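Observations on the model geometry
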Amino acid sequence: MNADELSLHLGEFRAAVAAADSTVALDEVRRNFLTKKSPVRLAMGGLRDLPPDRRAEVAAALNGAVATMEAELVRSEEHTSELQSHSDLVCRLLLEKKK
């Protein structure tokens, strides 16, 4: 995975996170982008095929992308959970008001 492909992959990841409207959807994003079979993880497995002088640079870029995706997912999960909590509270208040 070269730098352009990695950048494109991060863009696809961010679009998927932005489109996720629930914690279930965010779990699906995690599975698609961060599991052993994801493009970034597969690229990590291919590091051994690179010339030794390129491995450290490419590994750093891949590890940075994984760290970025994990951090952005955590933030999005926290935000989604907070929104769900607010939504639950509003629903409870509306139900109590109807009584």
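Structure: above.
As a starting point, this report considers the structure included with it. (Residues numbered from 1 in each chain as written. Predicted model: local features only at pLDDT ≥ 70, side-chain atom pairs only at ≥ 80, totals over all residues. Heavy atoms only, no water.)

1. Let's talk about the packing of aromatic side chains
In this description, a pair of aromatic rings is defined by centroid distance and the angle of the planes. Where we set the bar: Put simply, two rings from Phe, Tyr or Trp (the six-membered ring, in Trp's case) pair if the centres are within 6.5 Å, and we call them stacked under 30 degrees between planes, edge-to-face over 60, tilted for the rest. The way it works is that DSSP assigns letters per residue, a run of H or I at least four long becomes a helix, a run of E at least two long becomes a strand, and they are numbered from the N terminus.
In the structure shown here, the tally under the stated rule is one aromatic pair. With a centroid separation of 5.6 Å and 75° between ring planes, the pair formed by Phe 13 and Phe 33 is classed as edge-to-face. Of this pair, Phe 13 sits in helix α1 (residues 3–19) while Phe 33 sits in helix α2 (residues 23–34); the two residues are 20 residues apart in sequence, bridging distant segments of the chain.

2. Structural notes on the side chain of Ser 76
Quick reminder of the rule: Working definition: with a 1.4 Å probe on protein chains only, accessible area under 20% of the residue-type maximum means buried, over 50% means exposed, and in between means partly exposed. Any two residues having at least one pair of non-hydrogen atoms within 4.5 Å are treated as being in contact.
With respect to the helices, strands and loops of the structure, Ser 76 is situated in helix α4 (residues 52–98). Using a relative accessible area of 15% as the deciding quantity, one classes Ser 76 as buried. Setting aside residues up to four positions removed in sequence, Ser 76 forms contacts with Val 17 and Leu 26.

3. What about the packing of α1 against α2?
Quick note on the threshold: Axes here refer to lines fitted to C-alpha atoms; in helices the fit is confined to the stretch in contact. Angles between the N-to-C directions go from 0 to 180 degrees. What sets the label is the angle itself: under 35 degrees gives roughly parallel, over 145 gives roughly antiparallel, 65 to 115 gives roughly perpendicular, and the rest give oblique. With the far helix as reference, a near helix turned anticlockwise by less than a right angle produces a left-handed crossing, and one turned clockwise produces a right-handed crossing. Polar here means any residue outside two lists: the nonpolar Ala, Val, Leu, Ile, Met, Phe, Trp, Tyr, Cys and Pro, and the charged Asp, Glu, Lys and Arg; Gly therefore counts as polar.
The contact between α1 and α2 brings their axes to 9 Å, and the two run at 165°. Between α1 and α2, the crossing angle belongs to the class labelled roughly antiparallel. In the crossing of α1 with α2, the sense of the turn from one axis to the other is right-handed. Listed contacts from α2 to His 9, Glu 12, Phe 13, Ala 16 and Val 17 of α1 are Leu 26, Val 29 and Phe 33. Class assignment for the residues of the contact of α1 with α2 results in six nonpolar, one polar and one charged.

4. Brief notes about the nonpolar core
The nonpolar side chains of a soluble globular protein tend to be buried, and buried together. Threshold: For our purposes a nonpolar core is just a set of buried Ala, Val, Leu, Ile, Met, Phe, Trp, Tyr and Cys residues, chained together by side-chain atoms within 4.5 Å.
By size, the foremost hydrophobic cluster in this structure holds 19 residues, and its most contacted members are Phe 13, Val 29, Leu 62, Met 69 and Leu 73. Going through the elements one at a time, α1, α2, α3 (39–45) and α4 are the ones with two or more residues in this core. A per-element tally of this core places α4 first, with seven residues. With residues near it in sequence (within four places) discarded, Phe 13 still touches Val 29, Phe 33, Met 69, Glu 72 and Leu 73.

5. A word on the pattern of salt bridges
Applied cut-off: Salt bridge, as applied in this entry: a Lys or Arg side-chain nitrogen positioned within 4 Å of an Asp or Glu carboxyl oxygen.
All chains considered together, the criterion is met by five salt bridges. The salt bridge involving Glu 77 is made with Arg 30; its shortest N-O contact spans 3.0 Å. With Glu 77 in helix α4 and Arg 30 in helix α2, the pair connects residues that are 47 residues apart, well separated along the chain. Taking the shortest distance from any N to any O, the salt bridge between Glu 70 and Arg 41 comes out at 3.5 Å. Of this pair, Glu 70 sits in helix α4 while Arg 41 is found in helix α3, placing the two residues 29 residues apart along the sequence. For Glu 70, a relative accessible area of 34% puts it in the partly exposed group.

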